[in-house]
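# Analysis of the macromolecular model
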Amino acid sequence: MKTIIAEKPSVAREIAGIVGAAEKKDGYLTGNGYFVTWALGHLVGLGMPEDYGIDGFDKSALPILPDPFLLTVRKVKKDKGCAADTGALGQLKIIEQLFNKCDSIIAATDAGREGELIFRYIYEYLKCSKPFERLWISSLTEKAIRQGFENLKPGTAFDGLFQSAQARSRADWLVGINASQALTLAVGNGTYSLGRVQTPTLALICRRYLENKNFAVKSYWQLQLLHNKGLIDFKSNSQIKWEDPKLAAAALKAIQRSGKATIVSVESKKVTEEPPLLFDLTGLQKEANKKLNLSADETLSVAQSLYEKKFITYPRTGSKYIPEDMWAEIPNLVRALQDKENCKSALSKMKWGRFNKRIVNDLRVTDHHGLLVTDKIPSALSAKENAVYDLIAFRLLEALSRACIKEITDVDLQALHYDFTAKGCKIIEAGWRSIKGSFSDDDTEPVQDLPELKKGDEIKIKEASVLEKKTRPPFLYTEAGLLSAMETAGKEIENEDERKALQHIGIGTPATRASIIETLFTRNYIQRKKKSLIPSEKGLQVYELVKDRKIADVAMTAEWELALQQIENNEADAGTFQKEMENYASSIANELLQTSIAQNNLPKLVCPKCKSQQLIIRDKIVKCPDEICNWVQFRNVCGVQISLSDIESLVNEGKTSLITGMTSRAGKKFDAYIALDEDCKTSFEFEKSKYGKK
């Protein structure tokens, strides 16, 4: 007998159907010489400090450097601490029984770093020594699974991948536990969390927010002229940007009196825009955030659902290419899309027999190839699933199309002694841009047609106007922008040698970036403001404490990611990396314990109810220390963190400023004031009287 272990029940059922294990049992399926079971995600993980006999936050226990690391069954939070998850315990017992009954094992967890870790931690925790093989597939279609079983790989072939995953897991534990406990002890007010990857990501958001907030916006003035030649209108802008509007107005009057401009030069050049490559996961998340306003986590969840329904290939990929041996399958995937109504127009523009092979590159395929649709075409999907599927399908069609060829024309004009420029763009061959009919990625890209112009032509000025413009601060990060910054973190490094070494290394991996961002939300370090990500008060406080330390340094995190890749490729030693992490965890814990935190930035507020006690202000709660009075105000109201200034207003004046973007139980957004009544209980007050009180 062989035991096959998948990551989820749905995947186990697909595999069981193909290997002939049709008999359902509690926690597994069996038949045809197979047991097929599943892991329910991370059933086993690294133990917490209490598993080493360290309870609570103890300065004398730091740094905590486990030797050896303990593995424990997944835990869930209870009223008092944590306890083993009963569902995980039950499933683990079933897996143990099946491992004991079988002759060998097939690991069929997701084919990637985390999937490998899930299986190996279970295997290690159960002290299993049975031989095992690896099912490595990029799609859950019947064809892909059958091919995978025909090409099972020895488990030892993935030892490097496991060592990399284990090193990542231990590094995150060492840095996260020690840094978080040290900072929490140093602050002495609430619980704080730091991490190997979350902290530099928070630093990116905070730094950009502060650059945006502290940017001094300046006004400047530019002249714009409207011309006409051969029934074609076109515009030109002055090269001078005046800081004084009076000077711009004087120039305008002089030019209006003149009424004409002279062409000084005309330069045209052909520009070839290659089609985009296939999506990797980060690319898909960025596009879904821009076009569909989905968070990175939502996109991953939707893509995982499409994968499990066999409509797309494995989504947690870091590659945008396919290997040469897959090229023959591509025409069948394109042909299958003919059954999808909204793809028919795009398919009519495809050049059959002349597909672009730019996506084929054996050397650039990592664990998995770029995202593809399968030959199974969906008919009934949710709106989000449909939208994400279409992004992947249309990207495939774009990637296979020819290049787009444009003619870009730059024109220099002179009106009196003032220089002006005009830019024109003409599509010569639409190529891949005809698939969606979009010829510009950026709203600011000029797409005006220009008439035939040559040097020396005199052009009449139909209209002349002054445009008031403002300098723009650096844009706040959206999730798409943050994902780009995380992906290309190595480019920000100042040292040239380090930058070259790390230019393709970012913060985290395509598979983990969404969970990193979600962790920052969970920790109440960041919040959404429309599409932008901004730090909370707590996030800014943490940033100010750690901004000059290594833990917030993008370069160091990118170096760690590079080391993990080298471990995976058997080019570096996992033990050496762990020793470096232990040394770093020790130094950051000692640094943070010596941090001097000024508590005087917290307002001193008297309880509005008993009028005698000073309120205790915490991250999640504001409360009166008098147990009889027991006045309390939670800081998070309907999904919005209430600022300290609003807490002050509520206590001292009986009412906050207008709190925007709260979410009702029905999931609807609303804005309201939080106000105290005569009994010092809080209620909502709405701007418009028709809503009344809630």
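Parameters and conventions
- Residues numbered from 1 in each chain as written.
- Predicted model: local features only at pLDDT ≥ 70, side-chain atom pairs only at ≥ 80, totals over all residues.
- Heavy atoms only, no water.
- Pairing = 2+ DSSP bridges.
- Helix = DSSP H or I, 4+ residues; strand = E, 2+ residues; numbered from the N terminus.
- Axes fitted to C-alpha atoms, helices over the stretch in contact; angles between N-to-C directions.
- Contact = heavy atoms within 4.5 Å.
- Core = buried A, V, L, I, M, F, W, Y, C linked by side-chain atoms within 4.5 Å.
- Buried < 20%, exposed > 50% of the residue type's maximum accessible area, 1.4 Å probe, protein only.
- Phe/Tyr/Trp six-rings, centres within 6.5 Å; stacked < 30°, edge-to-face > 60°.
- Lys NZ or Arg CZ within 6 Å of the ring centre and 35° of its normal.
- Expected span 1.5 Å × (residues − 1).
- Polar contact = N/O pair within 3.5 Å; in protein donor to acceptor, adjacent residues only side chain to side chain.
- Parallel < 35°, antiparallel > 145°, perpendicular 65-115°, else oblique.
- Nonpolar A, V, L, I, M, F, W, Y, C, P; charged D, E, K, R; others polar.
- pLDDT = per-residue confidence, 0-100.

Right, let's talk about the sheet that holds strand β26 (residues 669-676) for a bit. Taken in spatial order, the 3 strands of this open sheet run β25-β26-β27, and their pairing is antiparallel. Looking at the sheet topology across the chains shown, the edges are occupied by β25 (659-663) and β27 (682-685). Recorded for the sheet is a direction-independent mean angle of 55 degrees between the axes of neighbouring strands.

What follows concerns the sheet that holds strand β3 (residues 28-31). With mixed pairing, the 7 strands of this open sheet are ordered in space as β2-β3-β4-β1-β9-β10-β11. At either margin of the open sheet sits one strand with a lone partner, and together these are β2 (23-25) and β11 (153-154). Pairing of strand β1 (residues 2-6) with strand β9 (residues 104-108), which is carried by 5 bridges, proceeds in the parallel orientation. Across the sheet, isoleucine 5 pairs through a bridge with alanine 107, a residue of β9. Sheet strands touched by helix α2 (residues 86-101): β1, β3, β4 (34-38) and β9. Its angle to β4, the strand with the most contacts, is close to 155 degrees. Set on the sheet, helix α3 (residues 113-125) makes contact with β1, β9 and β10 (132-134); between it and β10 the angle comes to about 170 degrees.

This next bit is on the pairing of strand β16 (residues 418-429). Sheet analysis places strand β13 (residues 232-238) next to β16, joined by 2 bridges and oriented antiparallel. In the strand pairing of β16, asparagine 237 is matched with threonine 421.

To continue, consider the nonpolar core. Residues Phe99, Ile105, Ile122 and Phe577 are the most contacted members of the largest nonpolar core, which totals 90 residues. Top contributing element to this core by residue count: helix α5 (residues 159-187), with 12 residues. Other than its neighbours up to four places away in sequence, phenylalanine 577 contacts Ala167, Ala171, Trp560, Ala563, Leu564 and Ile567. Core analysis: the next-biggest nonpolar cluster, separate from the first, contains 65 residues, Ala12, Ala336, Met350 and Leu397 among them.

The relation between two aromatic rings is expressed through the spacing of the ring centres and the mutual angle of the planes. Scanning the entire structure with this criterion turns up 15 aromatic pairs. Both rings, one in tyrosine 28 and one in phenylalanine 35, keep their centres 5.9 Å apart while their planes meet at 85 degrees; by these two values the pair is edge-to-face. Grouping residues by exposure puts tyrosine 28 and phenylalanine 35 together as buried. A ring pair is formed by phenylalanine 119 and tyrosine 123, whose centres lie 5.6 Å apart and whose planes are at 40 degrees; its orientation type is tilted. Highlighted residues: phenylalanine 119 and tyrosine 123, both in helix α3, separated by 4 residues, approximately one helical turn. Taking the relative accessible area as the measure of exposure, phenylalanine 119 reaches 1% and is therefore buried. Taking NZ or CZ as reference, arginine 208 lies 4.3 Å from the ring centre of tyrosine 477, over its face. Over the ring of tyrosine 192 we find lysine 538, and its NZ or CZ is 5.1 Å from the ring centre.

For helix α7 (residues 245-258), with 14 residues, the first-to-last C-alpha span of 20 Å sits near the 20 Å given by 1.5 Å per residue. Residues of α7 that are buried: Ala248, Ala251, Leu252, Ala254 and Ile255. Looking at the packing, one finds that the buried side of α7 touches β12 (219-229), β15 (404-415), β16 and β17 (458-470). Here α7 starts with a cap whose side-chain oxygen sits 2.9 Å from the backbone nitrogen of lysine 246, and that cap is aspartate 244. Glycine 259 occupies a position one or two residues after α7 and carries a positive phi of about 75 degrees.

Positionally, serine 295 belongs in the loop between α8 (281-292) and α9 (296-308). Among the residues examined, serine 295 registers a relative accessible area of 9% and is labelled buried. Each C-alpha atom of the pair serine 295 and arginine 433 lies 26 Å from the other, and the pair is 138 residues apart in sequence. In this structure serine 295 touches Glu479, Glu518 and Arg528, once residues within four positions along its chain are discounted.

Okay, the packing of α2 against α3 next. At their nearest, the axes of α2 and α3 sit 11 Å apart, and the two run at 75 degrees to each other. Classified by the angle between their axes, α2 and α3 sit roughly perpendicular to one another. Residues Leu92, Ile95 and Phe99 of α2 lie in contact with α3, whose contacting residues are Phe119, Ile122, Tyr123 and Tyr125. Taken together, the residues that form the contact of α2 with α3 break down as 7 nonpolar, no polar and no charged.

What follows deals with the confidence of the model for the protein. Detailed reading of the predicted model is not advised wherever pLDDT is low. In the predicted model, the protein carries a mean pLDDT of 90, and the fraction of residues at 70 or more is 95%. Counting contacts from residues 689-694, a segment whose pLDDT is below 50, to residues more than four positions away or on other chains yields 10 contacts.

Before going further, it helps to examine α5. The end-to-end C-alpha separation of α5 is 41 Å, in line with the 42 Å expected for 29 residues at 1.5 Å each. Burial analysis of α5 places 25 of its 29 residues in the buried class, which makes it a mostly covered element. Looking at the residues trailing α5, positive phi occurs at glycine 188, about 65 degrees.

We now examine unusual backbone geometry. Omega for the peptide link from leucine 62 to proline 63 comes to -5 degrees, which places this bond in the cis form. Along the chain, proline 63 falls in the loop between β5 (44-46) and β6 (71-73). Of the consecutive residues aspartate 67 and proline 68, the connecting peptide bond is found in the cis state with omega at 5 degrees.

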